[in-house]
Amino acid sequence: MKNQCQETPPVLQELEITIQNSCLVFPNKETRRKSIFLSNIDQVVNFNVETVHFFASNEDFPPQTVAEKIKNAFEKILVPYDFLAGRMKFNTTTGRLEIDCNGAGAGFVVASSESTLDEIGDLVYPDPAYAKLVNSLQSHEKDGKPLCVIQVTSFKCGGFAIGTSTSHATFDGISFKTFLDNLAAVAGGKPLAVVPCNDRELLAARSPPRVTFPHPELVKLQTHLGQELNPPVFDAAQEALDFKIFRLTSGNISDLKEKAKKNPGARVSGFNVVTAHIWRCKALSHDLEVQDLDRVSTILYAVNIRPRLIPPLPVSYAGNAVLTAYASARCRELQEGPISKLVEMVAEGAKRMTDEYARSVIDWGEIYKGFPHGESLISSWWKLGFDEVDYPWGCPRYSCPVVYHRKDIILLFPDIDDKNSVNVLVALPKKQMEKFESLFHEFLSV
């Protein structure tokens, strides 16, 4: 059994990448010029998300062949995904961001490295050096920044990585997984796995907007969205942080579930018990000297609203269709309360996300132009299934985001060996990390 806490591996010092070719790619058929409406959920996530997908060598698909197939498939799916070849623009009339489907092109990069996959080491740890395996194509920005760039990097061992950089305004994790499934299918000469639904007006605010619930999980923007295209969802202040990966095995998660089942009313899922466990550890590591047990801690986490709306959104909806659920409690409850109670609070946050609540959040955004606000955010990549995408050369050995560590964002990653285990990436100042680690093990043992 692996250790529950992994020391941070040495940062890669020598991941030298040589760019062999970079270019813009265009839809292989003519597409109609139009503007695409962006929902209030899309509006506040106008920043790039970078992911890397590692593949072992395959003698039937050397990296050069892979690059050619990915490029050809990319050009084909830019027809149904025509917005990826467009550019973000601010509409001064409506005061909103939208996508101009002007056919300006997406990015494609071919690169190579003299390193091997084995030399890169533990793929589970999202090393900052992985940023070299993605590319935003800065040199092609005279017509605006591409909304999607794919980079294929070959390694000396014959393995390779496919790195993607996409504007979060174009996809959430679920719709990006659908995009990858389609890319893989077309690369294998097959039709689209799923035809994307690009009608983002399905999540337009009501007219007039009606805010029917209080929304303590949201905070108003101090500037207009057009003045600040990348509003800070969380404070990114620079400070010295320690990084550690805490592994919850499938056995740990089963034990937490059994403890949570003592409260028969709670919805006991793997995500809920993991979130409850992390929440109490993070909240109680906040005060190092004197614990303020009356302080209220709020944890945020994403909920897919596709099946929760009336009528439900198509599962193929291509835009962002996740909203931020929350749970709040005093630190005294987090310290003294049984895990079953905390799991119930987390479950209640998701249960709160009904059709009317989701519409109220969207309408709130229409009025206040705000974004999620809380003490900590759980960003889960655990069950997205990026490593299950079936390319002609097989599934990735591992997939992970390129991360930029922040102490208020905790990331969940799938385990490379056991899909029912989860890796928890935490970034905290040294003393807080020591307390978090102590609480992490203490609460598992009680």
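The structure displayed is predicted, hence computed values, not measured ones.

## So, the sheet that holds strand β4 (residues 48–55)
For step 1, the next point in the chain: Strand order in this open sheet of six strands is β2-β7-β8-β9-β4-β16, and the pairing throughout is mixed. Unpaired on one side and paired on the other, β2 (17–25) and β16 (398–401) mark the two borders of the sheet. Between one strand and the next, the sheet's axes are offset by a mean angle of 15°, whatever the strand orientation.
For step 2, the next point in the chain: Inspection of the sheet shows strand β8 (residues 148–154) paired to strand β9 (residues 160–167) by seven bridges, in the antiparallel sense. Residue pairing in the sheet places Val-152 in a bridge with Ile-162 of β9.

## Concerning the nonpolar core
For step 1, the next point in the chain: By size, the foremost hydrophobic cluster in this structure holds 128 residues, and its most contacted members are Phe-54, Ile-70, Phe-74, Phe-179 and Trp-393.
For step 2, the next point in the chain: Of all the elements, helix α6 (residues 270–284) adds the most residues to this core, at eight residues.
For step 3, the next point in the chain: Excluding its chain neighbours within four sequence positions, the residues that come into contact with Ile-70 are Phe-108, Ile-150, Val-152, Ile-162, Leu-183, Tyr-391 and Trp-393.

## Side note on the sheet that holds strand β6 (residues 96–101)
Two modes of strand pairing occur in sheets, parallel and antiparallel, and in both the strands are linked by backbone hydrogen bonds.
For step 1, the next point in the chain: Judged by pairing direction, the sheet is antiparallel, and its three strands sit side by side in the order β3-β6-β5 without closing on themselves. This sheet does not close on itself; its edge strands, each paired only once, are β3 (34–37) and β5 (87–91). The sheet shows a mean angle of 40° between the axes of neighbouring strands, direction not considered.
For step 2, the next point in the chain: Pairing of β5 with β6 involves five bridges; the strand directions are antiparallel. The residue bridging Phe-90 from the neighbouring strand is Leu-97, located in β6.

## A word on the side chain of Asn-272
For step 1, the next point in the chain: For Asn-272, the position within the fold is in helix α6.
For step 2, the next point in the chain: The exposure class assigned to Asn-272 is buried, which follows from its relative accessible area of 6%.
For step 3, the next point in the chain: The residues touching Asn-272, leaving out its near neighbours within four places in the chain, are Arg-267, Val-343, Val-346 and Ala-347.

## Some remarks on the packing of helix α2 (residues 63–77) against helix α4 (residues 173–187)
For step 1, the next point in the chain: One can describe the packing of α2 onto α4 by two numbers: an axis separation of 8 Å at closest approach and a directional angle of 115°. Along this stretch, α2 crosses α4, giving a crossing that reads as right-handed. In this structure, α2 contributes Lys-69, Ile-70, Ala-73, Phe-74, Lys-76 and Ile-77 to the contact, and α4 contributes Phe-179, Asn-182, Leu-183, Val-186 and Ala-187.
For step 2, the next point in the chain: Split into classes, the residues belonging to the contact of α2 with α4 amount to eight nonpolar, one polar and two charged.

## Focus on α2
For step 1, the next point in the chain: With 15 residues, α2 should cover 21 Å at 1.5 Å per step; its first-to-last C-alpha distance of 21 Å lies within 8% of that length.
For step 2, the next point in the chain: If you check which residues of α2 are buried, you get Pro-63, Val-66, Ala-67, Ile-70, Ala-73, Phe-74 and Ile-77. The buried residues of α2 occupy an angular sector of 140° when the element is viewed end-on, so they sit on one face.
For step 3, the next point in the chain: If you follow the buried residues of α2, they end up packed against β2, β7 (106–113), β8, β9 and α4.

## Concerning the pattern of salt bridges
For step 1, the next point in the chain: Per the counting criterion, the structure on display carries 17 salt bridges.
For step 2, the next point in the chain: For Asp-181, the salt bridge identified is with Lys-177, shortest N-O distance 2.9 Å. Placement of the pair is Asp-181 and Lys-177 together in helix α4, with a separation of four residues, close to one helical turn.
For step 3, the next point in the chain: Classification of Asp-181 by relative accessible area gives partly exposed; the value is 23%.
For step 4, the next point in the chain: When salt bridges that share partners are traced, they join Arg-206, Glu-356 and Asp-363 into one network.

Conventions used here
- Residues numbered from 1 in each chain as written.
- Predicted model: local features only at pLDDT ≥ 70, side-chain atom pairs only at ≥ 80, totals over all residues.
- Heavy atoms only, no water.
- Pairing = 2+ DSSP bridges.
- Helix = DSSP H or I, 4+ residues; strand = E, 2+ residues; numbered from the N terminus.
- Axes fitted to C-alpha atoms, helices over the stretch in contact; angles between N-to-C directions.
- Core = buried A, V, L, I, M, F, W, Y, C linked by side-chain atoms within 4.5 Å.
- Buried < 20%, exposed > 50% of the residue type's maximum accessible area, 1.4 Å probe, protein only.
- Contact = heavy atoms within 4.5 Å.
- Left-handed = near helix turned anticlockwise from the far one by under 90°.
- Nonpolar A, V, L, I, M, F, W, Y, C, P; charged D, E, K, R; others polar.
- Expected span 1.5 Å × (residues − 1).
- Arc of directions from axis to C-beta.
- Salt bridge = Lys/Arg side-chain N within 4 Å of Asp/Glu carboxyl O.

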